[in-house]
Each structure stands twice: as C-alpha cells, then as structure tokens.
Amino acid sequence: MSQFNNDIEPNIIDDKMVQKAIEEQCPENLNLAKREAINFKDVTELQLSFRNILQIDSLWQFENLTKLQLDNNIIEKIEGLESLVHLAWLDLSFNNIEVIEGLDALVKLQDLSLSNNRISKIEHMDTLQELQIFSIGKNNLTTLEDVIYLRRFKNLRTLNLAGNPLCEDQRYTLFVVAHLPHLVYLDFRLVNDTTVSISAFPACAVGQQQRTSESRAGLAFVEYLNGSFLFDSLYAEDPDADKLAYLPGVGDLLQTYPSWFVLVCENLFNYGLEEHEKREAEVSSFSESLHAALMANQQENRKIILDFECRNKR
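We now turn to the structure provided with this report. Note that the structure is predicted; figures quoted are calculated from it, not measured.

Quick word on the sheet that holds strand β7 (residues 133-135)
- An order of β2-β4-β5-β6-β7-β8-β9-β10 is seen for the eight strands of this open sheet, with the pairing classed as mixed. Strands with a single pairing partner mark the edges of an open sheet, and in this sheet they are β2 (45-47) and β10 (189-190).
- The sheet contact formed by strand β6 (residues 111-113) and β7 spans three bridges and is parallel. When the bridges of β7 are listed, leucine 112 appears paired with phenylalanine 134.

With respect to the packing of aromatic side chains
- Tallied over the full model, the rule gives two aromatic pairs.
- Ring geometry for phenylalanine 40 versus phenylalanine 62: centroids 4.8 Å apart, planes at 15°, classification stacked. Remark: phenylalanine 62 occurs in the loop between β3 (53-55) and β4 (67-69) and phenylalanine 40 occurs in the loop between α2 (32-36) and β2; sequence separation between them is 22 residues. Here phenylalanine 40 matches phenylalanine 62 in class, with each residue buried.
- A ring pair is formed by tyrosine 149 and phenylalanine 153, whose centres lie 6.1 Å apart and whose planes are at 65°; its orientation type is edge-to-face. The burial state of tyrosine 149 is the same as that of phenylalanine 153; both residues are buried.
- Above the ring of tryptophan 89, the side-chain terminus of lysine 67 is found at 4.6 Å from the ring centroid.

Some details on the environment of aspartate 71
- With respect to the helices, strands and loops of the structure, aspartate 71 is situated in the loop between β4 and β5 (89-91).
- Residue aspartate 71 is classed as buried on the basis of its relative accessible area, which comes to 7%.
- A C-alpha to C-alpha distance of 8.8 Å links aspartate 71 and glutamine 47, two positions 24 residues apart in sequence.
- Ignoring anything within four residues of it in the chain, the contact list for aspartate 71 reads Leu48, Ser49, Phe50, Asp91, Ser93, Phe94 and Asn95.

Conventions and cut-offs
- Counting restarts for each chain: residues are numbered from 1 in the order of the written sequence.
- Restriction of local features to residues with pLDDT of at least 70 applies here, the model being predicted, together with a cutoff of 80 or more for giving and counting side-chain atom pairs; totals for whole chains, interfaces and linings are based on all residues.
- Computation of side-chain values: all heavy atoms of the structure, hydrogens and water removed.
- Between any two strands, at least two bridges found by DSSP are needed for them to pair.
- Helix and strand assignments come from DSSP, with helices taken as H or I runs of at least 4 residues and strands as E runs of at least 2, each series counted from the N terminus.
- Pairing of aromatic side chains here covers Phe, Tyr and the six-membered ring of Trp, requires ring centres within 6.5 Å, and sorts the geometry by plane angle: under 30 degrees stacked, over 60 edge-to-face, intermediate tilted.
- Using a 1.4 Å probe on the protein chains alone, a residue whose accessible area is under 20% of its type maximum counts as buried, one over 50% counts as exposed, and one in between counts as partly exposed.
- Note on geometry: a ring has a charge over it if NZ (lysine) or CZ (arginine) is within 6 Å of the ring centre and within 35 degrees of the ring normal.
- Here a residue-residue contact requires only that any non-hydrogen atoms of the pair lie within 4.5 Å.

Below, the structure written as structure tokens:
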C-alpha cells in the first residue's frame, strides 16, 4: 500500500502532468505539433499511475473520459471527479484512501477498484447502479454486514474482498454468496454450484417451514410458531447447550421451559391466524363494496347514455 514519507515529493494533477501522460499514451509516430494540438475533451482514457499524486484536481476538462487510472499514488481523498459523468472504469488502488466518497456523479461506472487502501466501511456508493466489478481487497473491512450494502447493485458480478479482516470469519464465503446470489466471481474464483447450494440451504429450510405454516395460516408472519420448531432450532444451534445441561438446576429448567416457550409460540400463532382472518374479511368487504360501486356507476352511465340518445333522436 502506498505510504507517504519524507522521501516522496507529493504532486497534484495539473495541465503539465496530464499533457505528459497523454503524450506517453499517443502512438510513437505522432509528431509534436499534433500532440500539442490535442483537445482534452477528445481524450477518453487517461493513465496517471505512479506519479506521487496526493490530490486529485484539474480533471474537469476531460468531460468525455471513460477510463481513468490513478493507482499507485498517495491519494488520501476521493474528490474532483464530479465532471467525469461518462466514466465507466476507475482504478484508485494502492493509495491512502480511508473513506469512500466523491463518487455520486459517476452513474455510468461499471468497474471500480479501491484495493490496497485504508477503507473500513463500504458506503456512499448508492448512485453506482451500473457497477459490475468491484475490487476492495486488502483494506480494513472487519464486519460481514458490510457485504449487505452491496445487495443494491443488481448488476454486480465480480467482487474482490480478499485480504480484509472479515475474510477470516468462517462464514465468510457462504455469507457473501447467500447475500449476493448473482455473483459469478468472488476473490478471483468462480462461484461454483456447490457453494451456491450450500449457502442456499438455510433459505430452503425456511421455505419448507414457511409452506407448512402457510398451509394452515395462509400467511408468512406466523411461521415457526405452530409447534416446537423455533425452540428446537435455537437450542440445536447453541454450541454451549450440552454444557449448560450439567449445571445445577438447569436440568429441571430444561424440563419445564420448552413447554412454556412452545405455549407462548402457539398463542402467537393463533393470534396471527385471527389477525389474518380479520384482514381477509376486510379485504373481502372492500372488494364487495368496490364491485357494488362499479356496478352502480355502470348502471348510471348506461342511463345517461340512453337519455342522451333519446334527446339526440328527438
């Protein structure tokens, strides 16, 4: 990761720097006169890597830019990109960025790289709805919940999180795949069918229980509550449950508490049924009233038309 130290002389982006970058990108047979006549508005790709850039500036002239490389610099803040509304590819990897910001105007961005920075939270990317590839490996992301933020990007197919502390969680891969089911590549590896199937297993179990509940209740908010399923699942998933059974008094508690817990659940289940019946009755009453009103309006309209036709004939 780029670091700022006394041996590095920081730069900002100015006309001289970008002119030199454009000349380096031009074909070798392009003469100097033509190079000097280049209009920044005509440039679609710009590479400013390894130039000790500390601050992003002076890019407003590149209004038709679609690809921008700012990797391997010492940039600390994402800024100065508001005019680059056509940008589809942005590389800010290997810098000193701590916060994701300044990307609101880049609504056409498809490929974003923020790897090897100091970012601790995925945020401020709501407008990037075209995003397909996102690389944010080797940062300071610590919680798996950061992945949930990425669910808003329906076109996201490639994601790199490798090298973040959150990857050390045993649930990491399954958690990511379960919350981002449209991913094709995760950490430079193809997401295979086995991983998808395993990550979807809890959802399948929930779906089966939901269908059982719906067959009796007709709605989903009473699932798990028509029996001991909820208590059994909670107790079974507790790694310390067997150890607790050996503590004094816990054995007696385990004999009485489940029945009380199930009773509470069943009461909630019955309450859900009652509320569902009330809602169905209200919906039915509304439908009947709506139908009656429509019929009355139709009859009134027919009468008005007949009266009009009679007057017209006279």
